[in-house]
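Notes for the structure review
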Amino acid sequence: MTVLLQAEDLHQQYRLPRERLFGPRPLVQALDGVSFTLHKGRSLGLVGESGSGKSTLARLVMALEAPSEGRVVFDGQDLNALSPAALRRARAGFQMVFQDPYGSLDPRRRVLQTVAEPLAVLHGAGSAEQRERAAEVLDAVGLRASDLDKYPHEFSGGQRQRIAIARALVTRPQLIVADEPVSALDVSVQAQVLNLMQDLQDRFGVTYFFISHDLAVVDLVCDEVIVLQHGRIVEQGDPDTLFRRPQHPYTQRLLAAVPGAALATP
């Protein structure tokens, strides 16, 4: 299998505001030596409680900020070693789907403007190409070309997340970082969106880096899972092994909090 994404010994530190006027600024270690590999066409899940470092890791993978130490290598390129122009070109290869389909879509913009924006920004595509490509991805996510001229308030929550997925797909990326993509949706709609994402992976060969606090969701859609605690990977493996025979006490505690028997250990 071909490696698409590598995180190499990532560390990330942040300075907090001073507690006293002339005191030192406290240092927080958000990530502490995180390394993993993601192969093309596969799905890697990242789980952990709030404050574990999941969002920080997502920002580093998306090159929204540079790590204090370590490297993020996408398709053979160290993202933080690229020039601004080269990074902008590389961004067409990795896109993101956010948690809240209500907050991630601008209510003042039509669907066409929202979905086609990455084409205009990253590719300089003209209006005809933008509309054609936007119609293609809307069809791929189960919506209609006529929906391009509507506004977000005219859609349900599940449909809005389909629009967000279409926006991520429009540049034909190799990697999609999905940050809690179904947590804001009703349970019945969650299943529809997850099935859609799996269908799109089969159809387009897209690779997913799937971030979630919901272990049942990760168990359903991911080929491999990373468990993050206090900025460190404490356990990693395929879902069948990791969720049924967890070794680390933190993983065991996460599983004990899952309602029902879907992830019950023997």
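Structure shown above.
Within each chain, residue numbers correspond to sequence positions counted from 1 in written order. Per-residue local features are limited, in this predicted model, to residues with pLDDT of at least 70; the limit for side-chain atom pairs, both in listing and counting, is 80 or more; totals at the level of whole chains, interfaces and linings are taken over all residues. In computing side-chain properties, one takes all heavy atoms of the structure into account and sets aside hydrogens as well as water.

**Considering the overall build of the chain**
The helix and strand labels rest on DSSP assignments: H or I over at least four residues marks a helix, E over at least two residues marks a strand, and numbering proceeds from the N terminus. Counting its regular elements, the chain contains 9 helices and 10 strands. Our radius of gyration looks at C-alpha atoms and nothing else; its globule reference is 2.2 Å times the residue count to the power 0.38. For 266 residues, the compact-globule estimate of 2.2 N^0.38 gives 18 Å, and the C-alpha radius of gyration of the chain, at 19 Å, lies within 12% of that figure. Overall, the chain is about 50 × 50 × 45 Å in size when its C-alpha atoms are taken along their principal axes. Between two residues, a contact is recorded if the distance between any of their heavy atoms is within 4.5 Å. Of the contacts made within the chain by residues no fewer than 6 positions apart, 65% connect residues no fewer than 24 positions apart. Note on areas: Shrake-Rupley with a 1.4 Å probe; residue coverage comes only from the protein chains shown. A total of about 12900 Å² of accessible surface is found on the chain, and carbon and sulfur atoms cover 48% of it.

**Looking at the sheet that holds strand E7 (residues 175-179)**
A sheet is described by the order of its strands in space; here 6 strands give the open sequence E6-E7-E8-E3-E9-E10, paired in mixed fashion. Both outer strands of the open sheet, strand E6 (94-97) and strand E10 (232-237), are each paired with one neighbouring strand and no more. Each neighbouring strand pair of the sheet contributes to a mean axis angle of 20°, computed without reference to strand direction. We treat two strands as partners when DSSP finds at least two bridges between them. Here strand E3 (residues 43-47) runs beside strand E9 (residues 224-229); their pairing, made up of 4 bridges, is parallel. Directly across from Leu 46, in E9, lies its bridge partner Ile 226. Where helix H9 (residues 249-256) meets the sheet, its contacts fall on E9 and E10, and the angle it forms with E9 comes to roughly 105°. Between N-to-C directions, angles cover 0 to 180 degrees, with each direction set by a line fitted to C-alpha atoms, over the stretch in contact for helices.

**Looking at the side chain of Gln 130**
For Gln 130, the position within the fold is in helix H4 (residues 127-140). Excluding residues that lie within four positions of it along the chain, Gln 130 makes contacts with Leu 112, Ala 116, Leu 119, Ala 120 and Ala 125.

**Some thoughts on the pairing of E7**
Burial status follows relative accessibility: with a 1.4 Å probe on protein chains alone, a residue under 20% of its type maximum counts as buried, one over 50% as exposed, and anything between as partly exposed. Most of E7 is tucked away, with 5 of its 5 residues classed as buried. By the alternation rule, side chains of E7 split into Leu 175, Val 177 and Asp 179 and Ile 176 and Ala 178, which are all buried. Of the strand pairs in this sheet, E6 and E7 are connected by 4 bridges, and their pairing is parallel. Bridge pairing in E7 places Gln 95 opposite Ile 176. Across 5 bridges, the pairing between E7 and strand E8 (residues 207-211) is parallel. From the neighbouring strand, Ala 178 faces E8, where its bridge partner is Phe 210. By convention, a crossover is right-handed whenever its connection, traced from the first strand over the helix to the second and viewed with the strands pointing away, goes clockwise. Assessed by its sense of winding, the connection that carries the chain from E7 through helix H6 (residues 187-204) to E8 is right-handed.

**So, the sheet that holds strand E4 (residues 69-74)**
Strands sit in the order E2-E1-E4-E5 across an open sheet of 4 strands; the sheet is antiparallel. The sheet is open, and its two edges are formed by strand E2 (27-39) and strand E5 (77-78), each paired on a single side. Where strand E1 (residues 3-15) meets E4, 5 bridges bridge the pair, whose relative direction is antiparallel. Directly across from Gln 6, in E4, lies its bridge partner Val 73.

**Some details on the environment of Val 34**
Its location among the elements puts Val 34 in strand E2. Assessed through its relative accessible area of 0%, Val 34 is described here as buried. For the pair formed by Val 34 and Leu 57, sequence separation is 23 residues and the distance between their alpha carbons is 8.6 Å. Apart from the residues within four sequence positions on either side, Val 34 is in contact with Ala 7, Glu 8, Asp 9, Leu 10, Leu 57, Leu 228, Gly 231 and Ile 233.

**A short note on the pattern of salt bridges**
Any Lys or Arg side-chain nitrogen found within 4 Å of a carboxyl oxygen on Asp or Glu counts as a salt bridge. Applying the stated criterion across every chain yields a total of 14 salt bridges. A salt bridge links Asp 106 to Arg 108, with the nearest nitrogen and oxygen atoms 3.2 Å apart. Note that Glu 117 and Arg 109 form a salt bridge whose closest N and O atoms lie 3.3 Å from each other. Relative accessible area serves as the criterion here: at 34%, Glu 117 is assigned to the partly exposed category. In this structure, a network of salt bridges that share partners links the residues Glu 8, Arg 71 and Asp 78.

**Examining the environment of Arg 162**
Inspection of the secondary structure puts Arg 162 in helix H5 (residues 157-169). For the pair Arg 162 and Met 197, spaced 35 residues apart in the sequence, the C-alpha separation amounts to 9.3 Å. Among all residues touching Arg 162, those that are not within four sequence positions of it are Val 141, Gly 142, Leu 143, Gln 192 and Leu 196. Within the structure, the side chain of Arg 162 is placed 2.7 Å from the backbone oxygen of Val 141, a separation counted as a polar contact. Here a polar contact is taken to be a pair of N or O atoms separated by no more than 3.5 Å, where protein atoms must pair a possible hydrogen donor with a possible acceptor and residues adjacent in sequence count only if both atoms sit in side chains.

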